[in-house]
Amino acid sequence: LEVKRMPPKPLDGATAAEARKYIESVLGQPFPSDDFHESLKSGVILCNFLNKLKPGTISKIQNGRMPFVQMENIAAYIDGCRKIGLPDHYNFVTVDLFEAKDLNQVVLNIRQLKIMFEGSFEKSKLEVQLLLNLVRSEC
C-alpha cells in the first residue's frame with residue numbers, strides 16, 4: 001500500500017499567525033522577519049522553541065547559513081518532537097519547511113505542541129482537513 005500525500009493547500013495565514021504568536025510568546029522575542037517561512041527556515045528558532053518547552057531536548061543547534069546545516073537543525077527539531085512524544089502524524093518532513101513544500105503541516109506541528117504543553121488551541125478547519133486527508137490517504 002503506497003501512501004500518497006494530497007497536494008498542499010496555500011498557507012493558512014490565520015493559523016500561521018497563531019502559531020507564530022505562540023512561538024514568540026514561548027521565546028519572549030519576535031520573529032526576525034514578517035515572513036513565516038524565512039523566519040523558521042534555518043531551524044534555529046524551532047530548536048530554541050522546543051528547548052524552551054522541554055529543556056535539553058536538542059543538544060546541538062547550528063547557526064550556519066549553509067543549506068545542509070539548516071536542514072540538520074530542522075531534522076534535529078523533528079527528532080526532538082518525536083522524543084517528547086509528539087505523534088508522527090503531527091510532524092513534518094524537512095522539505096515541508098526548508099523548501100516550503102507544506103507549511104500548513106509545520107503549523108499543525110506547532111499547534112499540537114501548544115496543545116501538549118498548554119492544553120489549548122481551537123481545532124481549525126485546516127487541522128480537520130489535514131487529518132481527513134491523512135486518513136483518506138491511508139485507506
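The notes below deal with the structure included here. (Residues numbered from 1 in each chain as written. Predicted model: local features only at pLDDT ≥ 70, side-chain atom pairs only at ≥ 80, totals over all residues. Heavy atoms only, no water.)

1. Examining the overall build of the chain
Piece 1. Along the backbone of the chain there are 7 helices and 0 strands.
Piece 2. The N-to-C order of helical and strand elements in the chain reads α-α-α-α-α-α-α.
Piece 3. By the burial criterion, 45% of the 139 residues in the chain qualify as buried.
Piece 4. Here the contacts in the chain between residues at least 6 apart in sequence split such that 53% fall between residues at least 24 apart.
Piece 5. Working note: accessible area of the chain is about 7900 Å², and carbon and sulfur atoms make up 54% of it. (Helix = DSSP H or I, 4+ residues; strand = E, 2+ residues; numbered from the N terminus. Buried < 20%, exposed > 50% of the residue type's maximum accessible area, 1.4 Å probe, protein only. Contact = heavy atoms within 4.5 Å. Areas by Shrake-Rupley, 256 points an atom, 1.4 Å probe, with all protein chains shown as cover.)

2. Some words on the packing of aromatic side chains
Piece 1. One pass over the structure, following the stated rule, counts 3 aromatic pairs.
Piece 2. Measuring from centroid to centroid gives 5.6 Å for Tyr 22 and Phe 49, while their planes differ by 90°, and the two rings are edge-to-face. On the criterion of sequence distance, the pair formed by Tyr 22 in helix H1 (residues 13–27) and Phe 49 in helix H3 (residues 44–53) is long-range, its members being 27 residues apart.
Piece 3. Judged by relative accessible area, Phe 49 falls into the buried class, the value being 0%.
Piece 4. Measuring from centroid to centroid gives 6.3 Å for Phe 31 and Phe 36, while their planes differ by 35°, and the two rings are tilted. A single burial state applies to Phe 31 and to Phe 36, both of which are buried. (Phe/Tyr/Trp six-rings, centres within 6.5 Å; stacked < 30°, edge-to-face > 60°.)

3. Re the pattern of salt bridges
Piece 1. Scanning the entire structure with this criterion turns up 7 salt bridges.
Piece 2. Here Asp 79 ties to Arg 82 by a salt bridge, and the two come within 3.3 Å at their closest N and O atoms. Taken as a pair, Asp 79 and Arg 82 lie in helix H4 (residues 67–83) at a separation of 3 residues, close to a single helical turn.
Piece 3. Asp 79 gets classed as partly exposed once you look at its relative accessible area, which sits at 38%. (Salt bridge = Lys/Arg side-chain N within 4 Å of Asp/Glu carboxyl O.)

4. Quick notes on the layout of surface pockets
Piece 1. For the second largest pocket, the calculated volume is near 230 Å³.
Piece 2. Pro 32, Ser 33, Glu 38, Ser 39, Lys 41, Ser 42, Val 44, Ile 45, Gly 64, Arg 65 and Gln 70 together form the lining of the second largest pocket.
Piece 3. The set of elements that each furnish at least two residues to the lining of the second largest pocket consists of helix H2 (36–40) and H3.
Piece 4. Considered class by class, the residues forming the lining of the second largest pocket number 3 nonpolar, 5 polar and 3 charged. (1 Å grid on protein atoms, 1.4 Å probe; cavity = no way out; pocket = protein on both sides within 12 Å on 5 of 7 lines; lining within 4 Å. Points joined across faces, edges and corners; volume = space filled by probe spheres on them. Nonpolar A, V, L, I, M, F, W, Y, C, P; charged D, E, K, R; others polar.)

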